[in-house]
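# Notes for the structure review
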Amino acid sequence: MSRVSFEKKRAQQPVAHPAVVPVRVFGAGGASVGGTSVVAAPGEEIQQAVLNHLQRLAISIGAPIRATIHDDLAGCVVPLEVSADGSSRVTGQVVRVAAPAKPGAAGVSSQAAVAAPQGARDVPPVTQSASVSAGSVQAPTGQFGPAPVMSVTKPSAPVTDFLEPEPAPTTATPTPARGFDAVAEEVLGDEPVAETAEGAELLSEPMTRINEAVRSGRIEAAAQLADRTVTEATAMLGPRHAEVLHLRELSAYIAYLGGDPVGACRQSLDLARLRRQARDAEAAYGNVQSAATAWRAVRDPEEGLRLGRDLIELWADLTTEPGPAADDPRPLESARARMVRLTDRAARAARP
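Right, let's walk through the structure included here. Just so it is clear, the model here is predicted, and its values are computed rather than measured.

A few words now on the overall build of the chain. Assigned secondary structure in the chain consists of 10 helices and 10 strands. In the chain, buried positions account for 46% of the 352 residues. The long-range fraction of contacts in the chain, counting pairs at least 24 apart against all pairs at least 6 apart in sequence, stands at 64%. Put simply, the chain shows about 17900 Å² of open surface, and 53% of that area lies on carbon and sulfur atoms.

Shown next as structure tokens:
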């Protein structure tokens, strides 16, 4: 079914860069990104958790994210730009700031010196800020300071499978955007997109607010709006209505951006089953691709194996039926290869 614009069909236009996102790193385990709380996972540095969050924002708007990072842990303020591929670059002057005084601590000066991040140049106080290679590109190392004088080394292992390369297409024939890519295109469009004229009339206002929240980086607010809209639309239209399924695709995408790949994967798999039951092979395959994208970001190997079994079983079933899944078996083989890696990781983790 062709999709309907609320007023006119979307014109593909470049998306403007968002405003600078304020970031505050409070300590080893907590930070705030644009007012949203970010917590490091076990074994993860808080700087890397913040960079991952900024990367997801960059993916959501289709453009690099600029942020001003006040890192209490490292004692510096860093203007940074993070791209959708996870790379980052310093965009201005990095300055050292005093560590915040502990409440009730006597004799602690607000101008106490703090150690610079490892490998960073000595940066004077704000009143005498010095420039640092603005515009130089850095690998995503989990550090906010300027690039060290020595060559930047890559991390020994990725923090998650989120940055694993997607399987390359087997042909040069252009394919329509599917999965989260298709949802992102709609979010970045000039107007919300509906499945039916009925949906265009009923859901214009809430979808506009949801898309605006995603574009501005207010992922938590977008998730709350999306959940409420799905509940209301389900009550009005029924759980299998095209508009409800469309809204749930948006909700899954927002869950992925918000750092809940497990929830995003489960919801996408549920949608794929419903689409398959409706004999919509194209939409079902799009939901499977969304599930696969979210699955690659799942860190826990045991959880990854559980979700992977459900994903591959459904995916394999789709390849036996006419449709795009049968036309391109290579991504499924890539998913099976990841299951082997997850099995190895789970076995290593289980060893005493």
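Val50 and Leu54 are the most contacted members of the largest nonpolar core, which totals 72 residues. Residues Leu203, Ala233, Leu237 and Val244 belong to the second largest nonpolar core, which totals seven residues.

Here we come to the pattern of salt bridges. Any two side chains of opposite charge can pair, given that their charged atoms come close. Applying the stated criterion across every chain yields a total of 11 salt bridges. The shortest N-O distance in the salt bridge between Arg24 and Asp72 comes to 3.1 Å. Of the two residues, Arg24 is situated in strand S2 (residues 21-25) and Asp72 in the loop between strand S5 (65-71) and strand S6 (76-82); the sequence distance between them amounts to 48 residues. In this structure, Arg266 and Glu303 form a salt bridge, with 3.2 Å as the shortest nitrogen-oxygen distance. Pair noted here: Arg266 is in helix H6 (residues 261-277) and Glu303 is in helix H8 (residues 301-319), with a separation of 37 residues, a long-range link. Note on Glu303: relative accessible area 14%, which makes it buried.

Pairing between S2 and strand S3 (residues 30-33): three bridges, direction antiparallel. The partner of Val23 across the bridge, within S3, is Val33. Here four bridges tie S3 to strand S4 (residues 36-39), and the two strands are oriented antiparallel to one another. Paired with Ser32 across the bridge in S4 is Ser37. The antiparallel pairing of S3 with S4 creates a hairpin that spans two residues between the two strands, and Gly34 there sits at a positive phi of about 60 degrees.

Under the definition given, this model contains three aromatic pairs. Their ring planes at 50 degrees and their centres at 5.5 Å tell us that Phe180 and Tyr253 sit as a pair that is tilted. With Phe180 in helix H2 (residues 179-188) and Tyr253 in helix H5 (residues 242-257), this pair connects stretches of sequence that are 73 residues apart. You'll find Phe180 and Tyr253 in the same group, each marked buried. Following the ring pairs from residue to residue traces out a cluster consisting of Phe180, Tyr253 and Tyr256.

A few words on H8. In a regular helix each residue adds 1.5 Å, so 19 residues correspond to 27 Å; H8 covers 26 Å between its end C-alpha atoms and thus fits that length. Every buried residue of H8 is listed here: Pro301, Glu303, Gly304, Leu305, Leu307, Gly308, Leu311, Ile312, Leu314, Trp315, Ala316 and Leu318. Residues of H8 that are buried make contact with H6, helix H7 (281-296), helix H9 (324-327) and helix H10 (330-350). Structurally, the start of H8 carries an N-cap: the backbone nitrogen of Glu302 is 3.3 Å from a side-chain oxygen of Asp300.

Moving on, we come to the packing of H2 against helix H3 (residues 197-215). The N-to-C vectors of H2 and H3 enclose an angle of 100 degrees; their axes lie 9 Å apart at closest approach. It follows from the interaxial angle that H2 and H3 lie roughly perpendicular. Here Glu186, Val187 and Leu188 of H2 lie close against H3, whose contacting residues are Asn211, Val214 and Arg215. Here the residues of the contact of H2 with H3 sort into three nonpolar, one polar and two charged.

Parameters and conventions
- Residues numbered from 1 in each chain as written.
- Predicted model: local features only at pLDDT ≥ 70, side-chain atom pairs only at ≥ 80, totals over all residues.
- Heavy atoms only, no water.
- Helix = DSSP H or I, 4+ residues; strand = E, 2+ residues; numbered from the N terminus.
- Buried < 20%, exposed > 50% of the residue type's maximum accessible area, 1.4 Å probe, protein only.
- Contact = heavy atoms within 4.5 Å.
- Areas by Shrake-Rupley, 256 points an atom, 1.4 Å probe, with all protein chains shown as cover.
- Core = buried A, V, L, I, M, F, W, Y, C linked by side-chain atoms within 4.5 Å.
- Salt bridge = Lys/Arg side-chain N within 4 Å of Asp/Glu carboxyl O.
- Pairing = 2+ DSSP bridges.
- Phe/Tyr/Trp six-rings, centres within 6.5 Å; stacked < 30°, edge-to-face > 60°.
- Expected span 1.5 Å × (residues − 1).
- Polar contact = N/O pair within 3.5 Å; in protein donor to acceptor, adjacent residues only side chain to side chain.
- Axes fitted to C-alpha atoms, helices over the stretch in contact; angles between N-to-C directions.
- Parallel < 35°, antiparallel > 145°, perpendicular 65-115°, else oblique.
- Nonpolar A, V, L, I, M, F, W, Y, C, P; charged D, E, K, R; others polar.

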